[in-house]
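Coordinate inspection notes
These are the residues of each chain, in order.
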Amino acid sequence: MPNGQYGQQQPPAGGQWYPPEWPDRIRALMDGSLTPVEPRRAATVMLLRDTPDGPVVHMLRRKASMAFAGGAYAYPGGGVDPRDEDHQVGWAGPSREEWAARLATDPRTAQAIVCGAVRETFEEAGVLLAGESADTVVGDTTGDDWEADRTALVARELSFAEFLDRRGLRLRSDLLGAWARWITPEFEPRRYDTWFFVAALPEGQRTRNASTEADRTVWIRPADAADGYDKGELLMMPPTISTLRSLEPYGSAVDALTAAAAQDLTPVLAQASLENGELVLSWPGHDEFTKRVRPGGTP
C-alpha cells in the first residue's frame, strides 16, 4: 500500500527506515541526472473504534517479503482507480464539489480519491462505508457473495462504481474525514500522492486481514503504537507515525472524525540538501524525521 514507499533500512533507534540507495538517488536528483517520477494518487484510511480505554486504530503489518517496507505497520490503503472518475456513483454526504474544495482538486478527481479510500478499506479490511440509503450502512460483509465481489475488486475485474451499482449502494462520504496529505519524496522510484482519511468502524461490521500484503492486523491505541515506534519495536514510515501522533488527543472516534474538518491538508514533501558534505533529508513541519547522511552514504 502507498504508506510503504519510504524504504526498508532499520535505523539504530526508533522505528523509521532510510534505505541504503537514498544517498545516491538524492545526489542524482540534486545534480539533475535524476528526473522525478510523477506521483500516483492514493488514499489510505485510519479506521477507528471506541473502547473503554479510548479509541483504537486498525493497522496491518506488511509481510517481511514485501519489496517495499517489509515488516512495517500501516493502514489499509492503495492507489486510486482512474475508472472511478468517469462514473457518477451513488453518493451520500458532502457533495463532490465540497470534497473537491477540501482535497484541492476537481470534483471528478475528488470522487475517485474518496472511492479509493472506501474501496481500499473494503479490500484490505473487509469494512464497507456504504449503504442502501443516505442514513444506512451495510451490515456484515463476510459472506461468500461479498467475498467474491471483494476479490473481483482486488483483481481490478470490477470497478468500485460498478460494484456499488450492482448492489444498489451509496458511498457514505460523510463517514470519512480528510486528515493529511503526504507525497513520496522526489528521489524515490515509486511515488504516491496520498490522502489520509479517518473513519469510524460501522456498527455490525468487523475487520479481518483481507490483504495479501499483510501477515497480521491489530487494533491498537495510537499512543501505544507511537510508543512502540519510539522504542524501535514497531516499524513505520514518517506519514504513519505522524498521523498516529496526531490522533492521540481525541477521546473517541467521533471526536476524531469531527476534528478532521480542521486538519491541515497542505502536502508534506521531503526536501534534500547538501550541507558541509552531508546530505540532509527533512520533511517540512516534521523535524523528528530529519536525517543527515555522511559522505560515505551511512545514515
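Residues numbered from 1 in each chain as written. Predicted model: local features only at pLDDT ≥ 70, side-chain atom pairs only at ≥ 80, totals over all residues. Heavy atoms only, no water.

Of the regular secondary structure elements, the chain holds 8 helices and 14 strands. Every one of the 299 residues in the chain was classed for burial, and the buried ones make up 54%. A fraction of 70% describes how many contacts in the chain between residues 6 or more apart in sequence connect residues 24 or more apart. Accessible area for the chain stands at about 12500 Å²; split by element, carbon and sulfur atoms hold 47% of it. (Helix = DSSP H or I, 4+ residues; strand = E, 2+ residues; numbered from the N terminus. Buried < 20%, exposed > 50% of the residue type's maximum accessible area, 1.4 Å probe, protein only. Contact = heavy atoms within 4.5 Å. Areas by Shrake-Rupley, 256 points an atom, 1.4 Å probe, with all protein chains shown as cover.)

Any pair of aromatic rings gets described here by the distance separating the centres and the angle formed by the planes. Inspection of every chain in the model, using the stated rule, returns 9 aromatic pairs. Site record: aromatic cluster; members linked through ring pairs are F122, W146, F160 and F163. Between R49 and the ring centre of W219, over which it is positioned, the NZ or CZ distance is 4.7 Å. Over the face of the ring belonging to W146 we find R167, whose NZ or CZ atom lies 3.7 Å from the ring centre. (Phe/Tyr/Trp six-rings, centres within 6.5 Å; stacked < 30°, edge-to-face > 60°. Lys NZ or Arg CZ within 6 Å of the ring centre and 35° of its normal.)

Here the idea is simple: oppositely charged side chains can pair when their charged atoms come close. Under the definition given, this model contains 21 salt bridges. R166 is the salt-bridge partner of D149, the closest N and O atoms lying 2.9 Å from each other. A residue pair is termed long-range when its members are at least 10 positions apart, and D149 in helix α4 (residues 144–154) and R166 in helix α5 (residues 160–167) qualify at 17 residues. (Salt bridge = Lys/Arg side-chain N within 4 Å of Asp/Glu carboxyl O.)

So, on to the packing of helix α3 (residues 107–125) against α4. Across the interface, α3 lies against α4 with an axial gap of 9 Å and an inter-helix angle of 120 degrees. For the element pair α3 and α4, the recorded crossing hand is left-handed. Across the interface between the two elements, R119, F122 and E123 from α3 touch W146, R150, L153 and V154 from α4. Looking at side-chain class alone, the contact of α3 with α4 contains 4 nonpolar, no polar and 3 charged residues. (Axes fitted to C-alpha atoms, helices over the stretch in contact; angles between N-to-C directions. Left-handed = near helix turned anticlockwise from the far one by under 90°. Nonpolar A, V, L, I, M, F, W, Y, C, P; charged D, E, K, R; others polar.)

Our focus in this paragraph is the sheet that holds strand β13 (residues 278–283). Reading across the sheet, the 3 strands line up as β12-β13-β14 and stay open at both edges, with antiparallel pairing between neighbours. Strand pairing shows two members of the sheet lacking a second neighbour, β12 (271–275) and β14 (286–293), which therefore form its edges. Direction aside, the axes of adjacent strands within the sheet are offset by 25 degrees on average. Pairing of β12 with β13, which is carried by 5 bridges, proceeds in the antiparallel orientation. Opposite Q271, over in β13, you have S282 as the bridge partner. (Pairing = 2+ DSSP bridges.)

Moving on to the sheet that holds strand β7 (residues 170–172). What the 3 strands build is an open sheet, ordered β5-β7-β6; its pairing is mixed. Strands with a single pairing partner mark the edges of an open sheet, and in this sheet they are β5 (91–92) and β6 (130–131). Judged from the 2 bridges that link them, β6 and β7 form a sheet pairing that is antiparallel. When the sheet's bridge partners are listed, G131 is paired in β7 with R170.

The next point concerns the environment of D215. Examined against the element boundaries, D215 turns out to sit in strand β10 (residues 214–220). Residues D215 and G71 lie 144 residues apart in sequence; the distance between their C-alpha atoms is 8.7 Å.

On to the nonpolar core, then. Counting residues in hydrophobic clusters, the biggest one holds 40 residues, and the most contacted among them are W99, L103, L128, F160, F163, L176 and F197. Those elements giving two or more residues to this core turn out to be β1 (40–49), α2 (96–103), α3, α4, α5, β8 (176–183) and β9 (192–200). Those residues within four positions of F160 in sequence are excluded, and the remaining contacts are D84, C115, V118, R119, L128, L153 and L171. Counting residues in hydrophobic clusters, the runner-up holds 37 residues, among them W22, Y229, A270 and L281. (Core = buried A, V, L, I, M, F, W, Y, C linked by side-chain atoms within 4.5 Å.)

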